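Okay, here's what each chain looks like letter by letter:
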Amino acid sequence: MPDMTPSKRVDGDALDALIIGAGFSGLYQLYLLRDRLGLKAQVLEAADGVGGTWYWNRYPGARCDSESHSYCYSFSKELQQEWEWTERYPEQPEILRYLNHVADRFDLRRDIRLGTRVAAARYDEAGNLWHVTTASGDHLSARFLITAVGCLSTANVPKIPGLESFAGSWYHTGEWPHEGVDFRGKRVGQIGTGSTGIQAVPVIAATAQHLTVFQRTANYSVPARNAPLDAAFKRWVKDNYDAIRDVTRATTNGHPFTISDRSALEVTPEERQALYEQAWEKGGLQFRATFRDLLVDKAANDTAVDFLKAKIRAIVKDPKTAALLTAFDHPYATKRPPIDTDYFETYNRDNVTLVDVRTAPIERITPGGIRTRDAEYPLDIIVFATGFDAMTGPLLRMDIRGRGGLTLQEAWDAGPRTYLGLQVAGFPNLFTVTGPGSPSVLCNMPVAIEQHAEWIADCIAHLRDRGLQRIEAKPEAVERWVAQVNEAADATLLPQAASSWYLGANVPGKPRVFMPYTGGMAHYRSICDGVAARGYEGFALTD
Ligand code: N01
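Residues numbered from 1 in each chain as written. Predicted model: local features only at pLDDT ≥ 70, side-chain atom pairs only at ≥ 80, totals over all residues. Heavy atoms only, no water.

**Q** Requested: an account of the site of the ligand, with residues and values cited.
**A** Taken together, 24 residues are adjacent to the ligand, and Arg-63, Thr-196, Arg-216, Thr-217 and Lys-335 come closest. Between an oxygen atom of the ligand and a side-chain N or O atom of Thr-196, the distance comes to 2.6 Å. Backbone polar atom of Ala-385 to an oxygen atom of the ligand: 3.3 Å apart, as the coordinates give it. Alone, the ligand offers 900 Å² of accessible surface; in the complex the protein occludes 89% of this. The element that contributes the greatest number of residues to the shell around the ligand is helix H5 (residues 195–207), accounting for three residues. In terms of residue class, the shell around the ligand is made up of nine nonpolar, 10 polar and five charged. (Near = heavy atom within 4 Å. Polar contact = N/O pair within 3.5 Å; in protein donor to acceptor, adjacent residues only side chain to side chain. Areas by Shrake-Rupley, 256 points an atom, 1.4 Å probe, with all protein chains shown as cover. Helix = DSSP H or I, 4+ residues; strand = E, 2+ residues; numbered from the N terminus. Nonpolar A, V, L, I, M, F, W, Y, C, P; charged D, E, K, R; others polar.)

**Q** Account for the pairing of strand E14 (residues 369–372), with residues named and values stated.
**A** Direction of pairing for strand E13 (residues 362–366) relative to E14: antiparallel, over a ladder of four bridges. The residue of E14 that forms the bridge with Thr-366 is Gly-369. Here three bridges tie E14 to strand E15 (residues 376–378), and the two strands are oriented antiparallel to one another. From the neighbouring strand, Gly-369 faces E15, where its bridge partner is Pro-378. Connecting E14 to the antiparallel partner E15 that follows it, the hairpin turn spans three residues. (Pairing = 2+ DSSP bridges.)

**Q** Go over the sheet that holds E13, please, and point to the residues and values.
**A** Note: strands within a sheet are paired through backbone hydrogen bonds, in either parallel or antiparallel orientation. Spatially, E13-E14-E15 is the arrangement adopted by the three strands of the open sheet, whose pairing is antiparallel. The outermost strands of the open sheet, each flanked by one partner alone, are E13 and E15. The mean angle between the axes of side-by-side strands here comes to 20 degrees, regardless of whether they run parallel or antiparallel. (Axes fitted to C-alpha atoms, helices over the stretch in contact; angles between N-to-C directions.)

**Q** An account of the pattern of salt bridges is needed here, citing residue identities and associated values.
**A** Between side chains of opposite charge, a pair can form as their charged atoms come close. For the structure shown, the criterion picks out 29 salt bridges. Measuring nitrogen to oxygen at the nearest pair gives 2.7 Å for the salt bridge that ties Arg-34 to Asp-111. Separated by 77 residues along the polypeptide, Arg-34 in helix H1 (residues 24–36) and Asp-111 in the loop between helix H4 (92–105) and strand E3 (112–113) bring together distant segments of the chain. The pair formed by Arg-34 and Asp-111 is uniform in burial state, with each residue classed as buried. Linking Asp-302 and Lys-298 is a salt bridge whose minimum nitrogen-to-oxygen distance equals 2.9 Å. Here Asp-302 pairs with Lys-298, and both are found in helix H9 (residues 298–315), just four residues apart, close to one helical turn. Here the residues in one salt-bridge network are Arg-34, Asp-35, Asp-107, Arg-110 and Asp-111, joined through shared partners. (Salt bridge = Lys/Arg side-chain N within 4 Å of Asp/Glu carboxyl O. Buried < 20%, exposed > 50% of the residue type's maximum accessible area, 1.4 Å probe, protein only.)

**Q** Account for the packing of helix H8 (residues 269–282) against H9, with residues named and values stated.
**A** Where H8 meets H9, the axes come as close as 11 Å, and the angle between the chain directions of the two elements is 60 degrees. With respect to H9, the axis of H8 lies oblique. With respect to the hand of their crossing, H8 and H9 are arranged in right-handed fashion. Residues Arg-272, Gln-273, Tyr-276, Glu-277 and Trp-280 of H8 form the contact with H9, whose own contacting residues are Ala-300, Thr-303, Ala-304, Phe-307, Leu-308, Lys-311 and Ile-315. (Parallel < 35°, antiparallel > 145°, perpendicular 65-115°, else oblique. Left-handed = near helix turned anticlockwise from the far one by under 90°. Contact = heavy atoms within 4.5 Å.)

**Q** Outline helix H15 (residues 475–490), listing residues and values.
**A** Helix length check: H15, at 16 residues, gives a terminal C-alpha distance of 23 Å against a target of 22 Å (1.5 Å per residue), a fit within 8%. Every buried residue of H15 is accounted for by Ala-477, Val-478, Trp-481, Val-482, Val-485, Ala-488 and Ala-489. An end-on view of H15 places all buried positions within 135 degrees of arc, on one side of the element. The outward face of H15, more than 90 degrees from its buried face, is lined by the exposed residues Arg-480, Glu-487 and Asp-490. In this structure, the buried residues of H15 make contact with strand E19 (470–473) and helix H16 (521–533). (Expected span 1.5 Å × (residues − 1). Arc of directions from axis to C-beta.)

**Q** Could you give an account of unusual backbone geometry, naming the residues involved and the relevant values?
**A** Phi is positive for Arg-225, close to 60 degrees, though the residue is something other than glycine. In this fold, Arg-225 is placed in the loop between strand E10 (222–223) and helix H6 (231–239). Its relative accessible area of 32% is what places Arg-225 among the partly exposed residues. Its identity is not glycine, yet Leu-420 carries a phi of approximately 65 degrees, on the positive side. Topologically, Leu-420 is positioned in the loop between helix H13 (408–411) and strand E18 (430–432). In this structure Leu-420 comes out as buried when scored by relative accessible area, which is 0%.

Purely geometric numbers; function is a separate question.
Now the structure itself:
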């Protein structure tokens, strides 16, 4: 990133850049544009605090599945040295403290407007400005509009008939009350067994009178093996941040480990079992990296499925519950693989019941609880761990209109269409941080976010240095990129998970399009760098 002197500003009261969202991406984007480029930039944030995902997701057990030493910014050596993570996987309050620390340390708050939800954004072609309207009716304008709204920030509460009649309380994990929820003496029903649900179950079960888990799709999970970090490890991390960063930037998914170059099919069954055992003991997302072909070869993947089924059956004492928990309908890790602390063990508690809502679906919510096709479950509290309208939801819930009044809804009628996940044809000067079509959710998020925020800042600096005012993805570049995203997905097993939110399948009526780019973060980075080096190939740059 070059350091730049302040630019000639856009006319009147307009800002150089408006950034929507004050999570990991919005904070860094503000820092880059304001402090490195000297632009007049402002962040609009709907919440009353910074933190994005980590502001909203305060559900029981909320913890990051990335390891703490890689789930942080890498742009500031001083920040890396002064901040100290306490556990292998940071808990939600610790990450929120970190992001607040970043906001203070880099004096970002003076350019962040909290409690300001963006309702609409309209591109004015004549003035080459984005006009933004907030939910409270304020108007702001800027030359560049950057969405830093997160991929998983629009709660998906399924439209189950009767919810409004429920006499108890209900909560979505992604909009959890700040004061917490007291489960003591309560009959709790939890819908959903994704990464969130699997984190929440053991913690809710520890205090609830009874927990009933409603499972639609059996999910794989591997022990996280969370633990406090010891002094030696903390020292090692601080001494090796550069090397850690080199690994996260060189790997497929931005995590601080490499994927084995062994095939699951070229080792003996005994060796394979031993390697899986080692990975199980080590715990974490690294389990996926045991063999190079787990996500591309069904026969290789089956070996992981067999191993995990045997583990779950060994843990869960009731054979019927174990059978339900292992009734997988998709290859391992083709949906985002959760990691857990005592998830399967929790089903051995007397106060926990698993209900299969695949064979006997939920029919309605009654004043007293949840009714499935087969039975009624009396409940005081319902927890919706039902995920998000992922990737496109946070963008489409704003009324974004580009050239000629084209709405983003119209442009994405058949699913998201972007160039590099960074821009949409017909929407000049709009950048989408970790947008659909980029690796984003398949990557350790801070790595993906830093790459996008830096690419965007470099691009804006490039325009400014050449006196250019506008950048827009060309339709043919979008066409080619969408094809590349599809090809990359089809080269993996990931599209085989029919109920995956990667495909939009969790939201009724959402177009089924594989949204993230599966070609790997390191490869994607080189594509983006190449595009920039060739004068922003595929984009139209105009003055
Ligand atoms: O959401 P999900 P999530 N009736 O969509 C079920 C990230 N994350 O919040 O599979 C019954 O994965 C649904 O069932 P099915 C991570 O990227 C990160 O758990 O659609 N069930 C599924 O079981 C993750 O992938 C971390 O059949 C219904 C569950 O609800 C992403 O967030 C921690 C239903 C939703 O699972 C989303 O995870 C947690 C219905 N009508 C999450 N509708 C960290 O790293 C949905 N379900 C910290």
